[in-house]
Amino acid sequence: MPYLGGEETVRELRRALSNPNVQSDQLRYRNTILKVIRAMSQGVDMSGLFSEMVKACATVDVVQKKLVYVFLCSYAALNPELSLLVINTLRKDCQDPNPMVRSLALRNMTNLRLPSLVEYVEQPLAAGLRDRAACVRRVAVLGWAKLHNLQASSEIDAAVVNELYSLLRDPDPVVMVNCLRALEEILKDEGGVAINKPITHHLLNRLKECDIWGQCQVLRVLQRYRPQSEDELFDILSLLDASLVSPHPPIMAATLSLFLSLCSGQPAVSLAALERVRGPLLAACGSGSREMRFTALCHIQLLLRSIPGLMGAHYKRFFCGYAEPAYIKQRKMQVLVELVNDENVAMLLDELKGYCTDVNAETAQAAITAIGRIGRSYSDRCLEILTGLLGLKQDHITSAVVQTMRDLVWVCPQCSDTVCFALEGCEETLQDSQGRQALLWLLGVYGERVSSAPYTLEVFIDGVRSEASLGVKMELLTATMRLFLCRPAETQDMLGRLLHYCIEEETDMCVRDQALLYYRLLHCGIEETRKVLQGRRSDPSLGVLIGRPAEPVSQWARSFNTLEPLRQGSIETESVSRGSPEHTMFDPKPNADLSNTLDCSRIEKVHSGKEDFVWMEECVRCPTIPRCSPQSLQAAMQLVNIQTLAFTPPQTLPWRVYLYTHTCLDDAPHSTLILGELLYTGEEPQKAEVHKDDKALKGFLSILTTVLHTLSSERA
Amino acid sequence: MISQIFILSSKGDHLIYKDFRGESGGDAVGVFYEKVTALTGDQPPVVMSHKGLHFVHVRQGGLYWVATTTADSSPFTIIEFLNRLSALVKDYCGSLSEKSVQMNFALIYELLDEAVDYGYIQTTSSDVLKNFIQTEAVSSRPFSLFDLSNVGLFGAETQQSKVAPSSAATRPIQSSREQGGKSEIFVDVIERMSVVIGSNGMLMKADVEGEIRVKCYLPNCSEMRIGLNEEFSIGKSQLRGYGAAVRVDEVSFHQMVRLDEFDSHRILRLCPSQGEQMVMQYQLSDDLPSAPPFRLFPTIERDSGGRLLMYLKLRCDLPPKSAAINVAATIPVPKGSLSLSQELSSPDQSAELKPQSRAVVWKIPRFTGGMQLSALFKLEVPGLSSASLLEVGPVGLSFELPKLTATGLQIRFLRLSPVQPGPSQRWVRVP
C-alpha cells in the first residue's frame, strides 16, 4: 500500500476527477475511478469524493457505472442528501433497453440502504417484478426483502406479497428461489413463507432445475413441511434419494437435514438415511479442499454419536496425512478413538503412536490423550506405548503422558501398578504446572506403592517458596496430607514444614486457607482426617469406551449442517481444564430419588453492565443443606477449591454462607475473583455472585451445584 | 446467508471487502485478522466467532477468503461457495495470488456483485456469468525463459514440446474473446496418491484420489467426447480378466456429463463451459494395480561421536521410460538437532535441515525409473539417547509423475464436434 496517507491522495484524485480533459477521455476517466476504488478497498476514507463520483455515474460505459456503484453503495449512508442526486440516474437506467443495465440499476438502488429513498424505489421495483428479463426479476424480488428490512415498521403491501407468491411459478429457477428467500425475510414474524402441500410439491418438482445453491435453499425451507400421510412422506423421501447421495456436499448435507426433520417420528428411517449418506460423507472427507474435509469430519462425529459403528470398516480413511493442518489431525484422532474394535486396535495404536512425536505440541498431546482413551478398553497395549513415550524425556510429551495416566487410573484402577512403576523419575522432565499437578495427585493417591514418593515430594516442598503456580501448591498440600496418612514416618517432618510455610508465609489466601483447614483437621484426629481425605481413588462407572450407548438422532439433528459442530471443542467429551479427577469429573448423574428434593432453576441470567463485574442469581432447592454441619460443608467446598469466608450458625434464619474462589488459568492475564453468597430464607437457598468472566462463573455455579447435590444426597 | 465477504492477504492487507447486508459493523476485517494473529499453531480454525459474528474462511493461493454469516447457515454451502469463488477468480484472472487479486480487484467486485445478492448466492456458473462480466482481466505473467525452452532446435519437435508446460493453463479465460487468444482446451488427469509403507516394507495403506479436469478456453464449444480406456471398470464385484484392467472403487461425474456412451464404450460426452471444471472424480483404495513407485531402505545408527547417522537408499520402481519430478523426502529428526552434514549422490539434489518443522528435507528434481539414489546424513544432536531414535521417521515422500497414472487410467482420444473454424489446439496432459 504505497499511499496510505489519505489526504493527499484524496485531493489529487478529486482534481483528476473534475478535470474536463480526463472526463472527456473514456479510458483516463475509468482509470481514475479505478484508483479511487482501489484506495477505498484498502481502507482509505474516500467519502470526500462523493459528489465527484455521483457525476461520474452518468455515463454509457457499463464498466464505469459498475465501479461507481461500488463506491456509492459504500458511502451512501454518510451522504444521504447527495445520494438523492443518484436516484434520477438510477431511475432513468431502469428504463434502459439493455436488461443488464436495468438489473444493475435496480440492484444498486436497493443497495444504497437509505430509508429516505424508499419512496423513489418502490415504483421501479414493482415494475421490475413484471420485467420480461429474468435477471431483472431476480434482482427485483430480492429488492423487496431489502426494502422490508430497511423499514421494518412499514408493512409491505399485501399485493406485493401475493405477487411474490405467484412468482414462485416463474419459469426462471433463480427467480423462484429468490422469491422463497424474500418471502422468508418479509414474513419472518409470521414464521416465514407458508409451506403447504401444493407449494411443497411444486418446489420438489422443480428441484432439478435449480443449481446447487438453489437446491440447498429449497431443501432448507422444506424442513418446515410436515407430510400429511405416511405415503406422502415416503414419496418425498424416494424423490430426494438421488440428492442424498449427491456428489456435492452442500446438497447432500441439506438433504440429510431435511430427511432427519421429516422422519423425526421414525427413528429407523433416519438411521437408514445415515447409512446411505456414509459414502458421500467419506468422499467429502477426501475432498481436495481441506476446509471441506474438516467440515465433513466434524459432521461424521455427529453421526457417530447415533451409530457408533458406522465408519468402523473405514478407519483407514481417518489416518492423518503428513502435511495436514493440526486442526484436521486432531479431529481425525477424535474420530479414530471412536472406531476402535478388536480387529483394528493394533493398526490404530501403531498409527497413533506415530503422531505422538509430531512437531506440533498440541497434536502430540491430542495423540497421547487419544491413546489414553483407547486405554480404557485396551489398557495393556496402551500403557506399553505410554511408558515407552516417557523414555523420550521431552517435557511436553512427559507432561501429556502423566496427565493421561492420571485420567486413565481414575477410570481403570487395574492400571495403577504399571502407572506407579512408570512414575519413577518423571519429575525431572516435567516443566509445566498441569503435568506436575497430575504427578502430585498420583503420588498422593498411590503413595504407598511408589517407593520414591516421599523423596519426590520433598523436592517439591523444598522448592515451594519459588513455586509460582497456585494449583501446584494446593495439589502439593493435599498430596502430602494423603501420603502422611499412609506413610507417616517418612512424611511427618516435611508435612510440618509445608504447613508451617503455607500458614505463616504464604500470601495467597486459597493456599493458606487450605493449609489451615488441614491443620485443624489433624487436630480432630487421624480418623477424621482419613475420612475427609481418603475419598475414592477411581470411578470405574465413567465407563468403558466401547459400547457407549447410541444417542437418538434427535439429540443432534438440529445442529446438523450448521456451524455448531465446527466450533472448537464442541465435541470435547472430556473436560480439558485439567485438575484432579475428583475435581473435574463430576458426573452429573441424575439420581432418581433425588429429583424431588433437588431442583435447580436459574432465576436470572447474567447482568453485564459497564462495570467489570457480572451478577448472577440461581436458585437451588435442597432443603437438607442448612442442616449440614458447617465443617463438612467447608471441607466439601475446599475439595473443589471454593473457600468459605463466613457463615451463620446452623438452625438460624436467614442462614447464609459467603464463598469465594479464584480462577487459576495459567494463560489468563489476570485471574477472576468470584464471590458468592448462599442464602437460605426458610424456603429456598439462593446464591448471588459478583465479578466478571462469564464462563468461569458458569463453571463455578455448576461445581457448586454439584457439591450441594452430593452433600444432600449423603444426608438423604 | 452471507453477510460480508472479504479477501485478505496473508499479511493482513485488505484486498477485497464487500458488505452485502449492512448489518454488522465494518470492523469485521480487523476483528478477523486480530483473531488470526492472536493464535499460534499453523492454521486458525475454519470457523471463528466474535460477539455474534461468525467467520468462515478457506485458504486458497495464500490468501484468506472469509465470509461472515449467521450461526445456523450451512458450513458445507459456505465453504463450497468460497472455494468456487476462488476457482472463478482463478479462471478470470489466470492465476491466484495476492498480486493477481490486487490487479483485478474491479473484476472481482463485479464477479461478487453478480454472484451474490443480499447475501444469497445467485449463480456461480461461468456460462451465466460471462454474459455479465465486462471488465477485462489484467494478466500478471512475467516473461519467463520457460516459454522459450519449448522451442525445439531449428523448429524441430522435441519430446518436450509435445507436453504443454504446466503454466499453459494459467491465463484468464476472458482474454480469448478479444485478444485473439488461442482456442485451447486442456484435459488433465490428476491423481493424488497416499501410501503408507510399514518399516518392514509392507503396504499398510494405499489410497488414490483422481480427477479429470477440463479447462476450456473455447468461447463456444458445442460438444466434446473424451474416451477412456475401454477396460475401465468400477467397483469391486467385477471379475478381472487377464489384461491389465483399470479398476477404481467409486466414480462421480459432473452433472453436465452425459453418460449414454459410457457403459458401452467408456466415452464421456459433455459441453464444457468456459473455465475449469472437474469432469470426473474417482477413488481407489487398498488394492493398487501396480507396485508403489518408490521403495526406501533406511539404516539409522549412532556413531561413536554421539552423532546420528542416517543412510537412506531410495529406489524408483517406475518403468525406465518415465520419471518422477520434484521428489521431496521429509525425514523427521530428533528435537534439538543442530547441524547436518550430507553426502548426496548427484549435485542437483539438495538436502536441508529445517529446525522449525524438525525435519530434514531431501529434494530430488528428477528421478528416472529404475534408478537408485542414496544419501548419507550425519546429524549433530546434543544429548542423543537411544530413545531419540524413536523420533526419527516416518519418512514422507511427495512427488509428481508426469504422463503416468497409478490406476492406469488413460485418455484414448478427445474429439470436439463440430469442427471449430480455424485451428484449435488440443492438449492432453496426463501427469
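Conventions and cut-offs
Residues numbered from 1 in each chain as written. Chains lettered and ligands numbered in written order. Predicted model: local features only at pLDDT ≥ 70, side-chain atom pairs only at ≥ 80, totals over all residues. Heavy atoms only, no water. UniProt positions renumbered as here; feature names shortened; annotations may be inferred. Helix = DSSP H or I, 4+ residues; strand = E, 2+ residues; numbered from the N terminus. Buried < 20%, exposed > 50% of the residue type's maximum accessible area, 1.4 Å probe, protein only. Areas by Shrake-Rupley, 256 points an atom, 1.4 Å probe, with all protein chains shown as cover. Pairing = 2+ DSSP bridges. Contact = heavy atoms within 4.5 Å. Buried area = accessible area lost by both parts, 1.4 Å probe. Salt bridge = Lys/Arg side-chain N within 4 Å of Asp/Glu carboxyl O. Polar contact = N/O pair within 3.5 Å; in protein donor to acceptor, adjacent residues only side chain to side chain. Nonpolar A, V, L, I, M, F, W, Y, C, P; charged D, E, K, R; others polar. Core = buried A, V, L, I, M, F, W, Y, C linked by side-chain atoms within 4.5 Å. Axes fitted to C-alpha atoms, helices over the stretch in contact; angles between N-to-C directions. Parallel < 35°, antiparallel > 145°, perpendicular 65-115°, else oblique. Left-handed = near helix turned anticlockwise from the far one by under 90°. Expected span 1.5 Å × (residues − 1). Arc of directions from axis to C-beta. pLDDT = per-residue confidence, 0-100.

Per an unreviewed UniProt entry, chain B goes by the name AP-4 complex subunit mu-1 and belongs to Amphiprion ocellaris. In its Sequence similarities (unreviewed entry) section, UniProt records this for chain B: "Belongs to the adaptor complexes medium subunit family."

Within an unreviewed UniProt entry, the label attached to chain A reads Beta-adaptin appendage C-terminal subdomain domain-containing protein, and the organism entered is Amphiprion ocellaris. Quoted verbatim from the Sequence similarities (unreviewed entry) field of UniProt, the annotation for chain A is "Belongs to the adaptor complexes large subunit family." In its Subcellular location (unreviewed entry) section, the UniProt record describing chain A reads: "Endomembrane system".

J.: Please clarify how the overall build of chain A should be interpreted in this entry.
T.: Helix and strand counts for chain A stand at 33 helices and six strands. The proportion of buried residues among the 716 residues of chain A is 55%. When the accessible area of chain A is evaluated, it comes to approximately 31300 Å², of which 52% is carbon and sulfur surface.

J.: Which parts of the structure should I look at to understand the pairing of strand β10 (residues 223-228) of chain B?
T.: Residues and elements named next belong to chain B. With respect to burial, β10 is a largely interior element, five of its six residues being buried. Of the strand pairs in this sheet, β10 and strand β14 (residues 267-270) are connected by four bridges, and their pairing is antiparallel. Looking at β14, one finds that G227 is bridged to I267.

J.: Explain the interface of chain A and chain B to me, please; I cannot follow it from the model alone.
T.: Interface size is commonly expressed as the accessible area that is lost once the parts come together. Taken residue by residue, the interface counts 76 residues in chain A and 71 residues in chain B. Here chain A packs against chain B, burying approximately 6500 Å² in sum over the two surfaces, 55% of which is carbon and sulfur. Counting the surface chain A buries against chain B, the share from its top three residues, A:W213, A:E291 and A:L563, is 12%. Viewed at the interface, chain B and chain A are joined by seven salt bridges. Of the charged contacts, one joins A:K146 and B:D117 as a salt bridge, the two residues approaching to 2.9 Å between their closest N and O atoms. For the interface between chain A and chain B, the tally reads 20 residue pairs in polar contact (both at pLDDT 80 or more). Grouping the amino acids of the side of chain A that touches chain B by side-chain chemistry returns 36 nonpolar, 22 polar and 18 charged.

J.: For this particular structure, what's the right way to read the nonpolar core?
T.: Inside soluble globular proteins, nonpolar side chains tend to come together where they are buried. Formed by 254 residues in total, the largest nonpolar core has its most connected members in A:I37, A:M46, A:F71, A:L72 and A:F318. Ignoring any residue separated from it by four or fewer positions in sequence, one finds A:M46 in contact with A:V10, A:L13, A:V36, A:A39, A:M40, A:F71 and A:Y75.

J.: What's the story with the packing of helix α3 (residues 26-41) of chain A against helix α5 (residues 62-75) of chain A in this structure? I'm lost.
T.: When two helices pack together, you describe them by how their axes are tilted relative to each other and by the distance separating the axes. All names here are of chain A. Two elements in contact, α3 and α5, have axes whose closest approach is 10 Å; the angle formed by their N-to-C orientations is 30°. The angle between the axes of α3 and α5 places the two elements in the roughly parallel class. Handedness of the crossing formed by α3 with α5: left-handed. Within the contact between the two elements, α3 uses Q26, Y29, R30, I33, L34, V36, I37 and M40 and α5 uses V63, Q64, L67, V68, V70, F71, S74 and Y75. Here the contact of α3 with α5 is composed, by residue class, of twelve nonpolar, three polar and one charged.

J.: I keep staring at the sheet that holds strand β17 (residues 307-316) of chain B and nothing clicks. Help me out?
T.: Two orientations exist for strands paired in a sheet by backbone hydrogen bonds: parallel and antiparallel. Residues and elements named next belong to chain B. Spatially, the four strands line up as an open sheet ordered β16-β17-β22-β19, and their pairing is antiparallel. Looking at which strands have only one partner, the edges of the open sheet turn out to be β16 (294-302) and β19 (339-344). Strand-to-strand, the axes of this sheet are offset by a mean angle of 15°, without reference to chain direction. Bridging between β16 and β17 involves nine bridges; their strand directions are antiparallel. Pairing of E301 across the sheet is with L309, part of β17.

J.: Honestly, helix α22 (residues 379-390) of chain A in this entry has me stumped. Any pointers?
T.: One full turn of an α-helix is made of 3.6 residues, so residues set three or four places apart face in the same direction. Residue and element names in this part refer to chain A. Between its first and last C-alpha, α22 extends 16 Å over twelve residues, near the 16 Å set by a 1.5 Å rise per residue. Among the residues of α22, S379, C382, L383, I385, L386, L389 and L390 are the ones counted as buried. Within α22, the buried residues cover an arc of 160° as seen down the axis, which keeps them to one side. Exposed positions of α22 whose direction lies more than 90 degrees from the buried face are D380 and E384. Next to the buried residues of α22 lie α20 (345-355), α21 (361-375), α23 (395-411) and α24 (416-423).

J.: For this particular structure, what's the right way to read the sheet that holds strand β20 (residues 350-354) of chain B?
T.: All names here are of chain B. One open sheet holds the four strands; their spatial order is β20-β21-β18-β23, and the pairing between them is antiparallel. The open sheet terminates on both sides in strands that have one partner only, identified here as β20 and β23 (396-400). Here the average twist between neighbouring strands, direction ignored, is 15°. Judged from the four bridges that link them, strand β18 (residues 323-332) and β23 form a sheet pairing that is antiparallel. Residue pairing in the sheet places I325 in a bridge with E400 of β23.

J.: I would appreciate a short explanation of the packing of α21(A) against α23(A) in the present structure.
T.: All names here are of chain A. Relative to each other, α21 and α23 sit at 25°, their axes nearing to 9 Å. The angle between the axes of α21 and α23 places the two elements in the roughly parallel class. The element α21 and its partner α23 pack so that their crossing is right-handed. Between α21 and α23, the contacting residues are A361, A364, Q365, I368, T369, G372 and G375 on the first element and H396, I397, A400, V401, T404 and L408 on the second. A per-class count over the contact of α21 with α23 returns seven nonpolar, six polar and no charged.

J.: What exactly am I supposed to notice about the confidence of the model for chain A here?
T.: For any part of a model where pLDDT is low, the fine detail of the predicted coordinates should not be relied upon. Chain-level statistics for chain A give a pLDDT mean of 80 and a share of 79% at 70 or above. A low-confidence stretch, residues 688-692 of chain A stays under pLDDT 50, and its non-local contacts, those more than four residues away or across chains, total 30 contacts.

J.: I tried to follow the side chain of A:S379 on my own but got confused; where do I start?
T.: In this fold, A:S379 is placed in helix α22. On the basis of relative accessibility, which here comes to 14%, the residue A:S379 falls in the buried class.

J.: Before we go on, may I ask you to explain the environment of B:C216 in this structure?
T.: Among the secondary structure elements, B:C216 is positioned in strand β9 (residues 203-216). In the structure, B:C216 is positioned 180 residues away from B:G396 in sequence and 35 Å away in space, judged by C-alpha atoms.

J.: Hey, could you run me through the side chain of A:T404 in this one?
T.: All names here are of chain A. By secondary structure assignment, the location of T404 is in helix α23. In this structure the side chain of T404 is engaged in a polar contact, spanning 2.6 Å, whose partner is the backbone oxygen of A400. What T404 contacts, discounting residues up to four positions off in sequence, is I368, T369, G372 and L386.

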